[in-house]
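Spelled out from the first residue to the last, the chains are:
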Amino acid sequence: TRGSEQPRVVVVGGQFAGRRASRMLRKGNLHVTLVDSKGFWEYTPGALRCLVEPKAARKMVQAQPRGTVRATAVGLESAGSDTTVTGVKLNDGSSLPADHVVIATGSSYPNPIKATHDVASSPEERRVQIEAAHATLVSAKNVVIVGGGTVGVELAAEIAGKWGRHKEVTLITPHDRLLERMPPRAGKLALRWLEKKGVWVILNDRVEDWGGAPKDVATLRPGGGDWKLRTEQGRELRASLVYPCIGGRSLPGPLKTRGVGKNGEVRVDMANGLRVEGFDNVYAAGDCCGTNEEKNAFTADLNATAVARGILASYRRKPVALSYPRSVCGRNTTPKIAVVSLHKRNAVMQFNGLVLGGPLPAFVKGLIEFFQVHSALGTPGVTFV
């Protein structure tokens, strides 16, 4: 750091991990610049609820905090050693000086579940997009959801919970159960709830021919009529609307090749506070981070906490443990915590090997939403970090 100037940190990405890292670093008296390509923060776990009840977007979609630089980070600058970054290049040709950089650029997911990551827009524009997606869903007589993981199951539950048997919903997965990354009991609870609501769940089969339906957006067929999908086992599925729920892709942001894996994930050194491989002062957190753990708001917060503590420790004489995840949760593996909503009053919750279903998990998820949304708003007494 030069003289008495505050160390400068540029945080790229303004969702869960980026916002938390920014708050912690500012509290540590560092000069933090938050850069985000969009002009809004979105509570992404609530995106599926917004598709069936767009008025929920009023609280789920918020403006970025004052001072956020609305731009896309397109590269990193260095002077002398190319492993030490000195600035972040933006798409308008300018650059931001930096002593440390945090990459928290998240992941992409098919529209409308996530907004296009590199298109600048306002909270109002995102809410308009959600209203349009809702209108499209309302007009669809039947829906096919491809993918039986957390997103596919929750989307099927939201649609079935809202319209019941008045809208035909089919959910297809190549796995022998739903929620394959959670314990088997979670999948059984979800299957029982969905089938009770009239959802046709197809296990052990996959879509072989999408019939022209796009895999990056859910949209009505041009000219009207149904999409016609064919599965490996010869089933023909007809749908007004097809939702691809087959996973997202990590976004490495301004990183090009160094430190980036074959699937776009940012490779990190877990023994050194999630520092990006090949760099001395660049870190990663959130969905883009190449850690072997479930990607959700909980792990994004853990990542951000580890990164912020590591950066702050570099300016303090008191040593801190940097090995992730032990540095933030006291153990060598991240706790496995997940809550999948089954519409409003039911959910399936996992805490490591324990699985619960029913109203209690739904209440817990409501509490999580309350604290996350008000933390983003900066509500006094709610934002602890």
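The structure we're discussing is the one just above.
This is a predicted model, so every value here is computed, not measured. Numbers given for residues are sequential positions, taken from 1 along each chain in its written order. For this predicted model, a pLDDT threshold of at least 70 governs which residues receive local features, and a threshold of 80 or more governs which side-chain atom pairs are given and counted, while totals over whole chains, interfaces and linings are taken from all residues. Excluding hydrogens and water, the side-chain figures rest on all heavy atoms present in the structure.

Of note, the amide linkage connecting N111 to P112 takes the cis form, showing an omega dihedral of 5°. Cis geometry is found at the peptide bond from Y324 to P325, where omega equals 5°. Helix numbering and strand numbering both begin at the N terminus, where a helix is a DSSP run of H or I of at least 4 residues and a strand a DSSP run of E of at least 2. Position of P325 among the secondary structure elements: in the loop between α7 (297–313) and α8 (326–329). For L274, which is not glycine, the phi torsion reads 65° and is therefore positive. By secondary structure assignment, the location of L274 is in the loop between β19 (268–269) and β20 (275–276). Positioned with a positive phi, H343 is a non-glycine residue whose angle comes to about 65°.

The next point concerns a nonpolar patch on the surface. A contiguous nonpolar patch, built from F351, L354, L356, L360, F363, L367, F370 and F371 and spanning about 760 Å² of accessible area, is present on the exposed surface. Contributions of two or more residues to the nonpolar patch are made by β24 (354–358) and α9 (359–377). Ranked by residues supplied to the nonpolar patch, first place goes to α9 with five residues. Put simply, a patch holds well-exposed residues, over 30% relative accessible area, that have no salt bridge, with like charges counted together within 9 Å and Val, Leu, Ile, Met, Phe, Trp or Tyr side chains within 5 Å. We get accessible surface area from the Shrake-Rupley algorithm with a probe of 1.4 Å; when it comes to residues, only the shown protein chains can shield them. Just to be clear on terms, a salt bridge is a Lys or Arg side-chain nitrogen sitting within 4 Å of an Asp or Glu carboxyl oxygen.

This paragraph deals with the sheet that holds strand β13 (residues 200–202). A pair of strands is labelled paired if DSSP reports no fewer than 2 bridges between them. If you walk across this open sheet you meet the four strands as β13-β12-β11-β17, and the pairing is parallel. In this open sheet, the two edge strands, each paired with only one partner strand, are β13 and β17 (241–244). Taking each pair of neighbouring strands and ignoring which way they run, the sheet shows an average axis angle of 15°. Here strand β11 (residues 142–146) pairs with strand β12 (residues 168–172) via five bridges, running parallel. Helix axes use the C-alpha atoms of the stretch in contact, all axes being lines fitted to C-alpha atoms, and the angles between their N-to-C directions lie in the range 0 to 180 degrees.

Here we come to the environment of K196. Its location among the elements puts K196 in helix α6 (residues 184–196). Among the residues examined, K196 registers a relative accessible area of 69% and is labelled exposed. For the pair K196 and P54, spaced 142 residues apart in sequence, the C-alpha to C-alpha distance is 25 Å. Remark: exposure states derive from per-residue accessible area (1.4 Å probe, protein chains only) relative to the maximum for the residue type, with buried under 20%, exposed over 50%, and partly exposed in between.

Looking now at the nonpolar core. Grouped together as the largest cluster of nonpolar side chains are 61 residues, with contacts concentrated most on L25 and V101. In terms of residue count, the dominant contributor to this core is α7 (nine residues). Among buried residues, the Ala, Val, Leu, Ile, Met, Phe, Trp, Tyr and Cys ones that are joined through side-chain atoms within 4.5 Å form a nonpolar core. If you look at the next biggest cluster of nonpolar residues, it comprises 38 residues, including Y109, A140, W163 and L179.

This part covers the sheet that holds strand β7 (residues 85–90). Pairing is antiparallel across the open sheet formed by three strands, whose spatial order is β6-β7-β8. Either end of the sheet is taken by a strand with one partner, and the two such strands are β6 (73–78) and β8 (95–97). The sheet shows a mean angle of 25° between the axes of neighbouring strands, direction not considered. Relative to β7, β6 is paired through five bridges, and the arrangement is antiparallel. Its bridge partner lying in β7, E77 is registered against G87.

Grid spacing is 1 Å over the protein atoms alone, the probe is 1.4 Å, and a cavity is where that probe fits but cannot get out, while a pocket is an open set with protein on both sides within 12 Å along at least five of seven lines and lining residues have an atom within 4 Å of a point. Grid points are joined across faces, edges and corners, and a volume is the space filled by probe spheres set on the points. If you walk through the whole model with that rule in mind, you get one cavity of 30 Å³ or more. Each residue receives one of three labels: charged for Asp, Glu, Lys and Arg, nonpolar for Ala, Val, Leu, Ile, Met, Phe, Trp, Tyr, Cys and Pro, and polar for the others, Gly being one of them. Here the residues of the lining of the largest cavity are counted per class, giving two nonpolar, two polar and two charged.

We now examine the environment of V11. With respect to the element layout, V11 can be found in strand β1 (residues 8–12). Non-local contacts of V11, meaning those with residues more than four positions away in its chain, are made with G18, S22, L25, V32, T33, L34, V35 and V102. Here, two residues are considered to be in contact whenever any of their heavy atoms come within 4.5 Å of each other.

Turning to the pattern of salt bridges, a few remarks are in order. Using the criterion set out here, one finds 16 salt bridges in the structure. Across the pair K59 and E369 runs a salt bridge whose closest N-O atoms are separated by 3.0 Å. Here K59, found in helix α3 (residues 57–60), pairs with E369, found in helix α9; they are 310 residues apart in sequence, far enough to count as distant. With a shortest N-O distance of 3.6 Å, R206 and E232 are connected by a salt bridge. Separated by 26 residues along the polypeptide, R206 in the loop between β13 and β14 (207–209) and E232 in the loop between β15 (227–231) and β16 (236–239) bring together distant segments of the chain.

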